[in-house]
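Single-letter residue listing:
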Amino acid sequence: MSAVKEPSFRESVDLMFNRAVAMMDLPPGLEEKIRVCNATYTVRFGVRLRGQIQTFTGYRAVHSEHMEPVKGGIRFAMGVNQDEVEALAALMTYKCALVEAPFGGSKGGLRIDPRQYDEHEMELITRRFAYELIKRDLIHPSQNVPAPDMGTGEREMAWIADQYARMNTTEINAKACVTGKPLNAGGISGRVEATGRGVQYALREFFRDSEGMKKAGLTGKLDGKRVIVQGLGNVGYHAAKFLAEEDGCVISGIIEHDGALFNNDGLDVEAVRAWIVKHGGVSGFPDATHTAEGAAVLEEDCEILIPAALEGVINLGNAARIKAPLIIEAANGPITAGGDEVLRKKGTVIIPDMYANAGGVTVSYFEWVKNLSHIRFGRMQRRQEESRHELVINELESLSASMGDKWSMSPDFKAKYLRGADELELVRSGLDDTMRIAYQSMAAVWHERDDVEDLRMAAYLVAIGKVAASYRAKGL
Ligand code: NAD
């Protein structure tokens, strides 16, 4: 590690924010209003487990309420602390603005190692934490809507939703108090895969941007590109799976908490995932080289590096040795401000977290809308769409018959055209559209302004501009 002191995650976010506002023309008061975290609630609560009371510490930070509800995940991890939660809440503000999800920014966390507790214990702890937040309106369909993050998933979101419903028995919109729920508890198709899917859509859009590709020194298509992923959890797994299965990427490295797997011919993502689920890590996986010092694999040769686990993993200590010309930040804050500077000077292109992992909040937004409208997307129009397409097909077929059947439609086309979109297809389409538009808004700033050298700066400029406009519209 370098002897130079690294800024903390919180300081990194502030530094990047400061770099951006220095290039904008905002009144200083408004600048400060946007920068500060509005409020952070710290709770310590006891849960009786294994015959004794254990005390837990949790947080919910609200960074900006220029739009409400505020939105942001709840993280279960030992490293959770106030600074981290506040930095993540700030990122949520900018992320929502960038992808035009109409929310302010928030984030929550509980200091816990979920691996130390069984399911029943986790339920008791999660419900108790949720109770503390719900009674202060820090979980509420119109004020504060959490979602999954590191260490939490559908299961925890279902407990939170149920806890809210128990405490608000007549609230018709109770299910909208949290997103990332399982389908049978008011969730939406495609939420689990959403963040990883968003990473895939982001990369596809990047590969359509010839100027961006040139800056990264990349050519061609995603097909055949070598990808190293750190963290095969929800985000990393889905990103790696879709990129391998649908875009022909070669997943050459997978870094997990217990080391890394490397195989230049490509790793079987499904097999590695199954191994992790069964054995708790990647150690012992056949068909690959295992390195105990996992982080070293970040420095291996590849075209695309996807840190999808923790913050601060690329820093002053290793940034200079990173070979990938393109890094997409699937995790929040994986590159420190120091690391970012080193990489920028080297010409590495970084697709920033604020944009890269926004797929999760985008589909959370769709889920929230679904909960408030109490109807599944596509339910009203799917069959109507199918009948209209059938009309066209019938007309074309009778036309063809009247011309002596000189031409016909391929059965594949006919089947595809006749199928109306279900919820999953609509969600993916909405996500794809969001990721493309947000990328284009950043790329326009990146390519058009000489003083903007990277996508992160462009993302901050677009996002802060939108938050500022929203505050101004409120008369601030
Ligand atoms: P997760 O808990 O499902 O997965 C994290 C993975 O990282 C796990 O497989 C874990 O074993 C692995 N890991 C832990 N320590 C590691 C280490 N030192 N080296 C390598 N791997 C390690 O979490 P997730 O939901 O996939 O979130 C990952 C990141 O993505 C976080 O930064 C989170 O804030 C961000 N994110 C998640 C979502 C979402 O929808 N889940 C949305 C936006 C951003």
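Criteria and thresholds
Residues numbered from 1 in each chain as written. Predicted model: local features only at pLDDT ≥ 70, side-chain atom pairs only at ≥ 80, totals over all residues. Heavy atoms only, no water. Helix = DSSP H or I, 4+ residues; strand = E, 2+ residues; numbered from the N terminus. Contact = heavy atoms within 4.5 Å. Polar contact = N/O pair within 3.5 Å; in protein donor to acceptor, adjacent residues only side chain to side chain. Buried < 20%, exposed > 50% of the residue type's maximum accessible area, 1.4 Å probe, protein only. Core = buried A, V, L, I, M, F, W, Y, C linked by side-chain atoms within 4.5 Å. Domains from an automatic or database assignment. Salt bridge = Lys/Arg side-chain N within 4 Å of Asp/Glu carboxyl O. Phe/Tyr/Trp six-rings, centres within 6.5 Å; stacked < 30°, edge-to-face > 60°. Lys NZ or Arg CZ within 6 Å of the ring centre and 35° of its normal. Buried area = accessible area lost by both parts, 1.4 Å probe.

1. Details of the environment of Tyr41
You can see Tyr41 is positioned in strand β1 (residues 39-49). When neighbours within four sequence positions are excluded, Tyr41 is seen to be in contact with Gly58, Tyr59, Arg60, Glu132, Leu133, Arg136 and Leu138. Engagement of the side chain of Tyr41 in a polar contact is seen with the side chain of Arg136, the distance being 2.7 Å.

2. Things to note about the side chain of Asn318
Its place among the elements puts Asn318 in the loop between β10 (304-307) and β11 (326-328). The class of Asn318 is buried, set by a relative accessible area of 8%. Not counting the four nearest positions on each side in its chain, Asn318 is found in contact with Leu298, Glu299 and Val313.

3. Quick notes on the nonpolar core
In terms of nonpolar packing, the biggest core is built from 93 residues, with Ile34, Leu203, Phe206, Ile306, Tyr460 and Ile464 touching the most fellow members. For this core, the leading source of residues is helix α16 (residues 455-473), giving 12 residues. Residues from two domains meet in this core; each of domain 1 (36-187) and domain 2 (194-359) gives at least three. When near neighbours in sequence (up to four residues on either side) are disregarded, Ile34 contacts Phe17, Leu26, His63, Tyr94, Ile464, Val467, Ala468 and Tyr471. Judged by nonpolar contacts, the second largest core, of 29 residues, contains Phe56, Ile74, Trp159 and Ala161.

4. Section: the pattern of salt bridges
Taken as a whole, this structure holds 48 salt bridges when the rule is applied. A salt bridge links Glu132 to Arg136; the shortest N-O distance between them is 3.2 Å. Of the charged contacts, one joins Arg456 and Glu329 as a salt bridge, the two residues approaching to 2.9 Å between their closest N and O atoms. With Arg456 in helix α16 and Glu329 in the loop between β11 and α10 (337-346), this pair connects stretches of sequence that are 127 residues apart. For the pair shown, Arg456 and Glu329 are each scored as buried. Salt bridges linked by common partners bring Arg19, Glu329, Asp340, Arg344, Asp353, Glu453, Asp454 and Arg456 together as one network.

5. Notes on the packing of aromatic side chains
For the structure on display, the rule yields 13 aromatic pairs. Between the aromatic rings of Phe206 and Phe207, the centroid separation amounts to 6.1 Å while the plane-to-plane angle is 70°, which identifies the pairing as edge-to-face. Comparing Phe206 with Phe207, the two get one shared label, buried. Between the NZ or CZ atom of Lys215 and the centre of the ring of Trp446, over which it lies, the distance is 4.3 Å. For Arg273, the ring lying beneath its charged end belongs to Tyr237, and the centroid distance is 4.3 Å.

6. Remarks on the domain arrangement of the protein chain
When cut into domains, the protein chain gives domain 1 (36-187) and domain 2 (194-359). Each of domain 1 and domain 2 has a C-alpha centre, and these two points are 28 Å apart. On the domain 2 side, the residues contacting the 12 residues of domain 1 number 11 residues. The junction of domain 1 with domain 2 conceals about 880 Å² of combined surface from both sides, 60% of it contributed by carbon and sulfur atoms. Broken down residue by residue, the surface that domain 1 buries against domain 2 is led by Leu91, Lys95 and Leu98, which jointly contribute 48%. Seen at the junction of domain 1 and domain 2, the total is one salt bridge.

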